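# Tertiary structure, described
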Amino acid sequence: MAASFNPYYGEPKIQALQKARDEQVPELLDLPGAVVHARTFSSDDPAALGWDDLRRIMYDEGLVTLRGADAATIETAKTKLGSFDPKLHFWDLFLADAETIWDVCGKIVDVALPEGLIRVGDEELTPQKAREIQAFLADQGVSPFSTDALLGKLFPGRLIALQGANDKIVAAGFAAMTHNSHSPFNNSAWVGLIAVDPALRGLGLGKYMDALCNLAAVTELGAGSTMEFVAQDNAPSRAMLESCGLRQLDGVSVVMFSTSTDRITK
């Protein structure tokens, strides 16, 4: 009998996070304050979720993420999680409504791909192809999700990839509905895991992939808006998001509280 396929990828810590989140999905789908993420435990309303739960997760895993947190929530988190001496990693939150995505991103993808590149067909998105995409993402410094999460088997998600000669993956991205009905972002899709082969940068493929994923979020997943996160010092990615119609949401951030100084992904 053939060995069972392992859907997790990366170093042991990352695989453990992927496995823990995948196993929690049924619970997270209807848990106030919880985000259906596929790697770190995330909350968009820590008061509703409960700080005791977040402290337990910090103890077990060494990191939690607050999504859409305002200054008051971040200060409260510093107090509630202070015993762990956490290091804070920040990302700005960008948002666009579906109408803007239709208008702006539709124009971006309505161009021909560079010669030799094609989009991976839906029928080709097998667990084995998703494994190739996991490896590609990791090579670009983007910590991947499990193949089950990437293929939309656990929650509504859309994996998109481009390939070139010899079916080699050269670009990838992902969109998913990660907020449950209790969330202030319940109708918004998260877009991320955007990566491009360094040898093909400068051709606009990052913007093209980002536009494809945002369009998939509104046309295939039914999102009323899309969100993306970007580090405050990542000028190229900020420009890419803005070129796709997204704008920074003032007054809130995505903040990872971690016992490590290292970010686990870009």
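Right above here is the structure, for reference.
Residues numbered from 1 in each chain as written. Predicted model: local features only at pLDDT ≥ 70, side-chain atom pairs only at ≥ 80, totals over all residues. Heavy atoms only, no water.

Our next topic: the overall build of the chain. Helix and strand counts for the chain stand at nine helices and ten strands. Against the 2.2 N^0.38 benchmark of 18 Å for 266 residues, the chain shows a C-alpha radius of gyration of 18 Å, consistent with a compact globule. Oriented by its inertia axes, the alpha-carbon framework of the chain measures out at about 55 × 50 × 30 Å. Buried residues in the chain amount to 53% of all 266 residues. Surface exposure of the chain reaches about 11800 Å², of which carbon and sulfur atoms provide 51%. The average position of the 23 basic charges and that of the 35 acidic charges among the side chains of the chain differ by 4 Å. (Helix = DSSP H or I, 4+ residues; strand = E, 2+ residues; numbered from the N terminus. Rg over C-alpha atoms; globule rule 2.2 N^0.38 Å. Buried < 20%, exposed > 50% of the residue type's maximum accessible area, 1.4 Å probe, protein only. Areas by Shrake-Rupley, 256 points an atom, 1.4 Å probe, with all protein chains shown as cover. Lys, Arg positive; Asp, Glu negative; His and termini not counted. Charge placed at Lys NZ, Arg CZ, Asp CG, Glu CD.)

With that settled, consider the packing of helix α5 (residues 98-109) against helix α8 (residues 205-219). Running from amino to carboxyl end, α5 crosses α8 at an angle of 140°, the nearest separation of the two axes being 9 Å. Between α5 and α8, the interaxial angle falls into the category oblique. Note that α5 runs across α8; the crossing there is left-handed. Between α5, through Ala98, Ile101, Trp102, Cys105, Gly106, Ile108 and Val109, and α8, the contact on the second element is made entirely by Lys207, Tyr208, Ala211, Leu212, Asn214, Leu215, Val218 and Thr219. (Axes fitted to C-alpha atoms, helices over the stretch in contact; angles between N-to-C directions. Parallel < 35°, antiparallel > 145°, perpendicular 65-115°, else oblique. Left-handed = near helix turned anticlockwise from the far one by under 90°. Contact = heavy atoms within 4.5 Å.)

The residue serine 181 is located in the loop between β7 (169-176) and β8 (188-196) in this model. Judged by relative accessible area, serine 181 falls into the exposed class, the value being 59%. Placed 160 residues apart in sequence, serine 181 and arginine 21 show a C-alpha to C-alpha distance of 18 Å. Apart from residues lying up to four places away in sequence, serine 181 is in contact with Asp30 and Asn186.

With that out of the way, let us pick up helix α3 (residues 51-61). Of the positions making up α3, those classed as buried are Trp51, Leu54, Ile57 and Met58. Projected onto a plane normal to the axis of α3, the buried residues spread over an arc of 120° and lie on a single side. Facing away from the buried side of α3 by over 90 degrees, the exposed positions are Asp52 and Tyr59. Where the residues of α3 are buried, they touch β2 (42-43), α2 (46-49), β3 (63-69), α4 (71-80) and β10 (247-258). One or two steps after α3, the chain reaches glycine 62, where phi turns positive at roughly 85°. (Arc of directions from axis to C-beta.)

Attention shifts here to the sheet that holds strand β6 (residues 157-163). Pairing between the strands of a sheet is mediated by backbone hydrogen bonds and can be parallel or antiparallel. In spatial order, the strands read β1-β2-β3-β10-β4-β9-β8-β7-β6-β5; together these ten strands make up an open sheet with mixed pairing. Lying at the two open borders of the sheet, with one neighbouring strand each, are β1 (34-35) and β5 (118-119). Sheet analysis places β1 next to β2, joined by two bridges and oriented antiparallel. Within β2, the residue paired with valine 35 across the bridge is serine 42. Relative to the sheet, α4 contacts β3, β4 (87-97) and β10, its axis offset from that of β10 by approximately 10°. (Pairing = 2+ DSSP bridges.)

Looking now at the nonpolar core. Judged by nonpolar contacts, the single largest core of 50 residues is most densely connected at Leu54, Ile133, Phe145, Phe155, Phe174, Leu193 and Phe257. Take this core: its biggest share by element is five residues, from β10. Residues contacting phenylalanine 155, with those up to four places away along its chain left out, are Val25, Val36, Ala38, Ala149, Phe174, Ala176, Met177 and Thr178. (Core = buried A, V, L, I, M, F, W, Y, C linked by side-chain atoms within 4.5 Å.)

Judged by how many residues are buried, β8 sits mostly within the fold: nine of nine residues are covered. With five bridges connecting them, β7 and β8 associate as antiparallel partners. Its bridge partner lying in β8, alanine 172 is registered against alanine 195. Bridge analysis of β8 against strand β9 (residues 225-230) gives three bridges, and the strand direction is parallel. Bridged to serine 188 within β9 is serine 225. Traced from β8 through α8 to β9, the parallel crossover comes out right-handed. (Right-handed = clockwise from strand over helix to strand, strands pointing away.)

The full count for this structure, using the stated rule, is 13 salt bridges. A salt bridge links aspartate 92 to arginine 238; the shortest N-O distance between them is 2.8 Å. Residue aspartate 92 is found in strand β4, and its partner arginine 238 is found in helix α9 (residues 235-243); the two are separated by 146 residues along the sequence. Residue aspartate 92 is classed as buried on the basis of its relative accessible area of 7%. Measuring nitrogen to oxygen at the nearest pair gives 3.6 Å for the salt bridge that ties lysine 168 to aspartate 197. In this pair, lysine 168 sits in the loop between β6 and β7 while aspartate 197 sits in the loop between β8 and α8, placing the two residues 29 residues apart along the sequence. A relative accessible area of 13% means that aspartate 197 is categorised as buried. Linked through salt bridges whose partners overlap, the residues forming this network are Asp122, Arg158 and Glu220. (Salt bridge = Lys/Arg side-chain N within 4 Å of Asp/Glu carboxyl O.)

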